[in-house]
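Working through the structure, step by step
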Amino acid sequence: MPALKKILCALDLSDQSESVAEYAVMLAKMSGASIVAVYAAPTLTQYTGFHVPPNTIDNFVGEIVSGAERSMTDFVSEHFTGVDARGVVVVGYAAEEILALAESEQADIIVMGTRGRKGIDLILFGSVAEKVVKNATCPVLTIRPTDDD
């Protein structure tokens, strides 16, 4: 019988993240699992060839990461009460980073939101959730945004 010991909760720190966290907390309370909450900050390396000095991009990414770490700390303390949880900020392409962290943390399940993109947005930008679902070695629970999110 499958057991949940570790839950990877992928967040984008948008309004929908609260709903995603609620599902992760529910699963953790039911199973006694711990939670690793993760936010993937963009690398912006694709812009180094556009006459933008690399140190400027590195500084900007550093500021994004610092801000995300503060936001993640606040988010975890506010939304993961009553469970063993910690926040992690990684830098890179979201789907790849979520999958790598799930593997290294030996997560039993990934809980994440979907942004609900449709049509041309989905074609142009793809779906992080879709890439994670297709490539994860563990189950993935996706939470669709509601009208309230």
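Below is a summary of the structure that appears in this document. Bear in mind the structure is a predicted one, so any value in this text is a computation, not a measurement.

With 15 residues, helix α1 (residues 17-31) ought to run about 21 Å at 1.5 Å a step, and its terminal C-alpha atoms sit 21 Å apart, in line with that. What α1 keeps buried is the set S17, S19, V20, A21, A24, V25, L27 and A28.

Counting buried residues along strand β4 (residues 109-113), 4 of its 5 residues qualify, which places the element largely inside the surrounding structure. Relative to β4, strand β1 (residues 6-10) is paired through 4 bridges, and the arrangement is parallel. Its bridge partner being in β4, A10 is matched across the sheet by M112. When β4 meets strand β5 (residues 140-143), the two strands line up parallel, connected through 4 bridges. Directly across from V111, in β5, lies its bridge partner L141.

Before going further, it helps to examine the environment of S14. Following the sequence through the fold, S14 ends up in the loop between β1 and α1. Residue class for S14 comes out partly exposed when judged on its relative accessible area of 23%.

Apart from glycine, the bulk of residues carry a negative phi angle, and the bulk of peptide bonds sit in the trans form. In this model, L13 sits at a positive phi of 60°, which is unusual for a non-glycine residue. Residue L13 is classed as partly exposed on the basis of its relative accessible area of 29%. One non-glycine residue, Q106, adopts positive backbone phi at about 55°. Among the secondary structure elements, Q106 is positioned in the loop between α3 (94-104) and β4.

Turning our eyes to something else, we now look at the pattern of salt bridges. This structure, assessed with the given rule, holds 3 salt bridges. Notably, a salt bridge pairs E105 with R86, separated by 2.6 Å at the nearest N-O pair. Here E105, found in the loop between α3 and β4, pairs with R86, found in strand β3 (residues 85-91); they are 19 residues apart in sequence, far enough to count as distant. When the shortest N-O distance is used, the salt bridge between E130 and K134 registers 3.1 Å. Placement of the pair is E130 and K134 together in helix α5 (residues 128-135), with a separation of 4 residues, close to one helical turn. A relative accessible area of 37% places E130 in the partly exposed class. Salt bridges linked by common partners bring K6, R86 and E105 together as one network.

Rules used throughout
- Residues numbered from 1 in each chain as written.
- Predicted model: local features only at pLDDT ≥ 70, side-chain atom pairs only at ≥ 80, totals over all residues.
- Heavy atoms only, no water.
- Helix = DSSP H or I, 4+ residues; strand = E, 2+ residues; numbered from the N terminus.
- Expected span 1.5 Å × (residues − 1).
- Buried < 20%, exposed > 50% of the residue type's maximum accessible area, 1.4 Å probe, protein only.
- Pairing = 2+ DSSP bridges.
- Salt bridge = Lys/Arg side-chain N within 4 Å of Asp/Glu carboxyl O.

Any link to function would need more than the numbers given here.
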